[in-house]
Amino acid sequence: MANQDQDILLEVKGLKTYFFLDEGTVKAVDGVDFEIRRQQTLCIVGESGCGKSVTARSILQIVDPPGRIVEGEILYHRRNGNTTEVLNLAAMDPRGQEIRAVRGKEISMIFQEPMTSLSPVHTIGNQIMEAILLHMPVSKNEARDTAIDMLRRVGIPKPESRINDYPFQLSGGMRQRAMIAMALVCRPSLLIADEPTTALDVTTQAQILDLMLELQEEMGMAIMLITHDLGVVAEMADDVVVMYLGHAVERGDVDSIFHDPKHPYTRALLRSIPKVGLKARERLDSIRGMVPDPYHRPAGCPFHTRCDEAIPGVCDRIVPPRIPLGDGREVRCLLYTEEYAGER
Amino acid sequence: MLQYIARRLLLMIPTIIAISIVTFIIIQLPPGDYLTSLVASMAETGEEVDQSALETLKARYGLGQPIYVQYFKWAWGIISRGDFGQSFEWNKPVTDLIWERLALTFVLSLSTLLFTWIVAFPIGIYSAVKQYSLGDYVFTFLGFIGLATPNFLLALVLMYISFKYFNQSVGGLFSPQFVEAPWSWAKVADLMKHLWIPMVILGTSGTAGLIRIMRANLLDELHKPYVVTARAKGLPERRLLLKYPVRVALNPFVSTVGWTLPGLVSGSAIVSVVLSLPTTGPLLLRALMSQDMYLAGSFILMLSVLTVIGTLISDILLAWLDPRIRYQ
Amino acid sequence: MTEARPLTPGIAVEEPAQETEINLYIASQWQLMWWRFRRHKLALIGGTVTLIIYLIALFVEFLAPTDPNAYSVRYTYAPPQRLHFIDRTDKGIRIHPYVYGYKVKVDKVALRRTFVIDKTKKYPVRFFVKGTPYKLWGLIEMKTHLIGPVDPEAPMYLLGADRMGRDMLSRMIYGTRVSMSIGLVGVALSLILGILLGGISGYYGGSIDTLIQRIIEFLRSIPTIPLWLGLGAALPPNWPPLRVYFGITVILSLIGWTGLARVVRGRFLSLREEDFVLAARLDGSSELRIILRHMVPSFLSHIIASITLSIPSMILSETALSFLGLGLRPPVVSWGVLLQEAQNVRSVATAPWLLIPGIAVVVAVLALNFLGDGLRDAADPYA
């Protein structure tokens, strides 16, 4: 296990991020645990509104008020030569110097909408160089050269002139490449990508994902990829976390999740993927019901309202604990406790 | 960019022509004209009417001829000789009367605009960033009052206070000894001393309006994804605020200059009457009341042209600030 | 679905909320708007004050103690009296409303008359007193006033008197009707123009749109106040007051409609592309039906908010014009006409109460602004 500890880059323990609104408290993230290993890709999957983006933002402490982290630890293992220092990001002041030194430098982030995620009135060069000048002791000219190199590296043609372009002058795919260049220019050890390809067309999507894999191989960073697309998970992930209504309902390596899903929600999700060989006009399996209203979370297991295997009187009462299944796998479902195993 | 400015300049020409026509119609609207009332009042007092002088004036402005002839004579006079016509009441060419007043109006409006910006900008940012804080509520409330108080009422109240408690009259833009004096540094300094009162009076409602615009714009921008991106880069909050959302929120702000400046010019008309400032307002009002049509018409025309130029300037500024417009 | 219903939440189906619990999903749009509006405390206050002001405007004759044009040279610039309630006499304390009379002192040097409260003269005041006869709304003959002196000849100037010894309170109350209604009438006029032209512009687009937009831009490029002054001066001085009143509203709405037209046009432009409009069109609804049944309801709330926000500027403009003597003219009483009395510092210095109509203007404009702001925020319940 010591070897594995060396491997760990980021540990999230019991993270809870709530939004305090007039209408009530929205428990966007309500107890999430996972680890990200160095140079590996972790995918977080779930329907919209399950708290995956908020989890990602919590790591960098960029959750907009009225949201804030109310509980939990986010342990970042910073490597200095041979020693490793552990920082608790969740305990840092969101506006402080400490967390700012981590943002963009050691952990950086790219977002879904490359158009709105870049400032419309600054050139991409300006925005990339800003990241360099913030974190590295270089001159403006050096920063410019680095930015041009990075733009070339992410596959933007003629970076020397493109660097002076405004975001609206670039295509969607090019913008996302520029975003990636901006995120990676300080060589972070973790790249958080929040649905980076959702707003792009299918061909561009594939190109961007390939680019991310390529860059990961070359620069050796870990990737935390947030997506609702199981196809993307299959292509990219080493490890997977499945989220439902603020809970990490299941986690494990990609193969076991796809071939031996444990949680009823994961199984339902996998059933809803169209398969080759499906007969024409045959109905695709979908999960029945709708994601509950965030103000009215079901008691007990949040999934029991839509779960085919829910045990009446139990699942609507007891919040399932984390149940380790060995090999780093974990599931939050009462069916895997000794007590209720018989119901399976 | 140059092409953009050229296109805008060309567009100005028909607008100004249209404005001049409307202006002319407005000054022609009241029944009768100055000459008929002049003759009537002279006849009443038994004065000798100088028929030949009257005929010259009539011929020069085409009085008694169809209205379009009068318009063309007037417009041609302006284009060819810069002759805006004769003020009947003052018996002077209009040009002699308006330039100094227009210049003072412009100085007053411009300084009010600067005052408005300097006050409104930081307060607007503060109100947006600290939304729903005590300060935000206070400024918002003061802003509402500023918007709801007619400028002339504020002027009256200030005048009353200074008259009653300081036994001092706040009217005018100059101390008595400078009113008739030729321009000198001392006169300019004296102007500066008097300028701030009308500036503050005129600026209140504009400031209140701009604070609300700035606050609303910035609130729109503060939660945009690009702000999150910049924060994720590790930018300190203050720098982030000024470089990104404030910069973007500035665009609609700048686009308001176009109407703020003319708004100030026309708003100053009423305040100037109350404070008896030597700007365009009081003279325009008098000219309108006594049907001194060329004087009134020239004022309206000049103020309108000023408005058009103001809009042009703000459009150019906006294009300069916002690459999305510039590269269209 | 028996009829084409909008697919987006732009127009919600009118359904009563069956549960007591606030349910965001089945509430109608107006209900949602009300919930949001209710949260806006200032808007609620503004709404209440606006309502009170309009009620005052409605019952002017009853509320005003006297005829606004009744003058009395004896009481020129009489200062405001206090309404007393506790009457200490030799026979003990009596509680009833009364005012003291005035004593005039003549300053021989400055040749000025000053008023002093004369405590020896007490004039009892009564609520629902019979006073000057009037016709409520020009129809019902009445004599009852909300408040007034028991003896009709007794001086009662709760807010002071003006240059001609007319009661400021009564004048202000009468001014409420004119000033507030001019805002409404002016907005109504601009609304008709604005919705019509803005709607045409936004719905049909193309060259009609360009033309209307040019006209709007042009009208906006003329500085308003000189334009108003010019037009105000053009109203013939011998016109009867009522005609002047309408002349002024027409002048005010001449500019006012452009703002509303822009709002309407913008809404039409964005709604034209909405799915529910497309759905209605595919359903075979006629153009008129699409506009009236589907598009107008979805921006009605915005229009109401814009209207509320444009009334105050009408009131302010009328006040300014009348103040300069280019708007309404005596004997019509509006707040602006009343403020005209305060035009020079000297009269303000002798009678500061001449500025009180200004407070009425500020309060009315503030109330309408708060109300309009709240309405605008509430107009988008799904935002």
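Everything numeric here is computed off the predicted structure, so don't read it as measured data. (Residues numbered from 1 in each chain as written. Chains lettered and ligands numbered in written order. Predicted model: local features only at pLDDT ≥ 70, side-chain atom pairs only at ≥ 80, totals over all residues. Heavy atoms only, no water.)

The subject of this paragraph is the overall build of chain C. Scanning chain C for helices and strands turns up twelve helices and four strands. The 383 residues of chain C split such that 51% are buried. Carbon and sulfur atoms make up 64% of the accessible area of chain C, which totals about 18,800 Å². (Helix = DSSP H or I, 4+ residues; strand = E, 2+ residues; numbered from the N terminus. Buried < 20%, exposed > 50% of the residue type's maximum accessible area, 1.4 Å probe, protein only. Areas by Shrake-Rupley, 256 points an atom, 1.4 Å probe, with all protein chains shown as cover.)

Residue and element names in this part refer to chain A. Relative to strand β2 (residues 24-37), strand β1 (residues 8-21) is paired through eleven bridges, and the arrangement is antiparallel. For Ile-8, the partnering residue across the bridge sits in β2 and is Arg-37. Hairpin geometry of β1 and β2 is characterised by an intervening segment of two residues between the two adjacent antiparallel strands. (Pairing = 2+ DSSP bridges.)

What follows concerns the packing of aromatic side chains. All told, the structure shown has twelve aromatic pairs over all chains when counted by the stated rule. Each residue in the set A:Tyr244, A:Tyr265 and A:Phe303 is aromatic and connected to the rest through ring pairs, giving one cluster. (Phe/Tyr/Trp six-rings, centres within 6.5 Å; stacked < 30°, edge-to-face > 60°.)

This part takes up helix α10 (residues 225-232) of chain B. Spacing of three or four residues puts side chains on the same side of an α-helix, whose turn is 3.6 residues. Residues and elements named next belong to chain B. Most of α10 is tucked away: seven of the eight residues are buried. All of the buried residues in α10 are Tyr-226, Val-227, Val-228, Thr-229, Ala-230, Arg-231 and Ala-232. Just past α10, the residue Gly-234 takes up positive phi, approximately 100°.

For the rest of this paragraph, the subject is the side chain of A:Ser108. On the secondary structure map, A:Ser108 appears in strand β6 (residues 107-110). Apart from residues no more than four positions distant in its own chain, A:Ser108 is found in contact with A:Ala183, A:Pro188, A:Leu190, A:Leu191 and A:Ile192. (Contact = heavy atoms within 4.5 Å.)

All names here are of chain A. Taken in spatial order, the eight strands make up an open sheet running β6-β7-β8-β3-β9-β10-β12-β11, and their pairing is mixed. Either end of the sheet is taken by a strand with one partner, and the two such strands are β6 and β11 (323-326). For this sheet the average axis-to-axis angle between neighbouring strands, irrespective of direction, equals 20°. Sheet topology places β6 next to strand β7 (residues 190-194); four bridges connect them, and they run parallel. Paired with Ile-110 across the two strands is Ala-193, which belongs to β7. The sheet contacts of helix α7 (residues 172-184) involve β6 and β7, and relative to β6 the element is tilted by about 170°. (Axes fitted to C-alpha atoms, helices over the stretch in contact; angles between N-to-C directions.)

With 29 residues of chain A at the interface, the matching set in chain B holds 24 residues. Of the roughly 2,400 Å² buried at the junction of chain A and chain B (both faces included), carbon and sulfur atoms supply 63%. Of all residues in chain A, A:Val121, A:Glu130 and A:Leu134 bury the most surface against chain B, accounting for 23% of the area lost on that side. Put simply, chain A and chain B have three salt bridges between them. On inspection of chain A and its partner chain B, the count reaches eleven residue pairs in polar contact (both at pLDDT 80 or more). Those elements that place two or more of their residues in the side of chain A that touches chain B are α2 (52-60), β6, α4 (124-135) and α7 of chain A. (Buried area = accessible area lost by both parts, 1.4 Å probe. Salt bridge = Lys/Arg side-chain N within 4 Å of Asp/Glu carboxyl O. Polar contact = N/O pair within 3.5 Å; in protein donor to acceptor, adjacent residues only side chain to side chain.)

Attention now moves to the pattern of salt bridges. Residue and element names in this part refer to chain A. Under the defined criterion, the tally for this structure stands at 25 salt bridges over all chains. Between Glu-195 and Lys-52 there is a salt bridge whose closest N-O contact spans 3.4 Å. Here Lys-52 lies in helix α2 and Glu-195 lies in the loop between β7 and α8 (202-219), a separation of 143 residues in the sequence. The pair Glu-195 / Lys-52 is uniform in exposure class, with both members buried. Here Arg-152 makes a salt bridge to Asp-149, at a shortest N to O gap of 3.4 Å. Residue Arg-152 and its partner Asp-149 are located together in helix α5 (residues 140-153), separated by three residues, close to a single helical turn. By relative accessible area, Arg-152 is classed as partly exposed at 42%. Residue Asp-149 is classed as partly exposed on the basis of its relative accessible area, which comes to 46%. Ionic contacts of the salt-bridge type, sharing partners, join the residues Asp-33, Arg-251, Arg-322 and Glu-330 into one network.

Residue and element names in this part refer to chain B. Nonpolar side chains collect at one region of the surface, where Leu-10, Ile-13, Ile-17, Ile-21, Ile-25 and Leu-29 lie side by side and expose about 550 Å² of accessible area between them. With respect to the secondary-structure elements, Ile-25 resides in helix α1 (residues 2-28). The class of Ile-25 is partly exposed, set by a relative accessible area of 43%. (Patch = residues over 30% accessible without salt bridge, like charges linked within 9 Å, V, L, I, M, F, W, Y side chains within 5 Å.)

To continue, consider the domain arrangement of chain C. All names here are of chain C. Along its sequence, chain C is carved into domain 1 (73-164) and domain 2 (172-379). Summarising the inter-unit geometry, the C-alpha centres of domain 1 and domain 2 are found 39 Å apart. With ten residues of domain 1 at the contact, the number on the domain 2 side is eight residues. Summed over both partners, the interface of domain 1 with domain 2 buries about 730 Å², with 64% contributed by carbon and sulfur atoms. For the interface between domain 1 and domain 2, the tally reads zero salt bridges. Inspection of the domain 1/domain 2 interface yields zero residue pairs in polar contact (both at pLDDT 80 or more). (Domains from an automatic or database assignment.)

The interface is formed by 37 residues belonging to chain B together with 38 residues belonging to chain C. Between chain B and chain C lies a buried interface of about 3,400 Å² when both sides are counted; carbon and sulfur atoms form 84% of it. Elements that contribute at least two residues to the side of chain B that touches chain C include exactly α1, α6 (134-148), α7 (151-165), α13 (257-275), α14 (280-289) and α15 (293-321) of chain B. Sorting elements by how many residues they give to the side of chain B that touches chain C places α7(B) first, with seven residues. Taken together, the residues of the side of chain B that touches chain C break down into 30 nonpolar, six polar and one charged. (Nonpolar A, V, L, I, M, F, W, Y, C, P; charged D, E, K, R; others polar.)

What follows concerns the confidence of the model for chain B. Of the residues in chain B, 87% reach a pLDDT of 70 or more, and the chain-wide mean stands at 79. For chain B, the element scoring lowest by mean pLDDT is helix α2 (residues 34-45) of chain B, at 66; α10(B) scores highest, at 87. (pLDDT = per-residue confidence, 0-100.)

Residues and elements named next belong to chain A. On the basis of which strands lie adjacent, the open sheet formed by four strands has the order β2-β1-β4-β5 and antiparallel pairing. Either end of the sheet is taken by a strand with one partner, and the two such strands are β2 and β5 (83-88). For this sheet, the mean inter-axis angle between neighbouring strands, taken without regard to orientation, is 10°. Pairing of strand β4 (residues 67-80) with β5, which is carried by six bridges, proceeds in the antiparallel orientation. Residue Asn-80 lies in a different strand from β5, and its bridge partner there is Thr-83.

Ranked by size, the top nonpolar core spans 122 residues in total, and within it C:Leu229 and C:Leu328 carry the most contacts. In terms of residue count, helix α9 (residues 287-323) of chain C provides more of this core than any other element does, 13 residues in total. Beyond its immediate chain neighbours, meaning those up to four positions away, C:Leu328 contacts C:Val178, C:Ile182, C:Val244, C:Tyr245, C:Ile248, C:Glu318, C:Ser322, C:Ser334 and C:Val337. A:Leu42, A:Ile69, A:Ile107 and A:Leu170 belong to the second largest nonpolar core, which has 101 residues in total. (Core = buried A, V, L, I, M, F, W, Y, C linked by side-chain atoms within 4.5 Å.)

All names here are of chain A. Along strand β3 (residues 41-45), five of the five residues are buried, which leaves the element largely enclosed by surrounding structure. Here β3 shows a buried face lined by Thr-41, Cys-43 and Val-45 and a second buried face lined by Leu-42 and Ile-44. Pairing of β3 with strand β8 (residues 222-227), which is carried by five bridges, proceeds in the parallel orientation. What sits directly across from Cys-43, in β8, is Leu-225. Note: β3 against strand β9 (residues 239-244), four bridges, orientation parallel.

Packed helix pairs are specified by the crossing angle of their axes together with the interaxial distance, meaning the distance between the axes. Residues and elements named next belong to chain B. The contact between helix α5 (residues 94-129) and helix α9 (residues 185-222) brings their axes to 5 Å, and the two run at 35°. Judged by the twist between their axes, the crossing of α5 over α9 is right-handed. For the contact of α5 with α9, the per-class residue count stands at 24 nonpolar, eight polar and one charged. (Left-handed = near helix turned anticlockwise from the far one by under 90°.)

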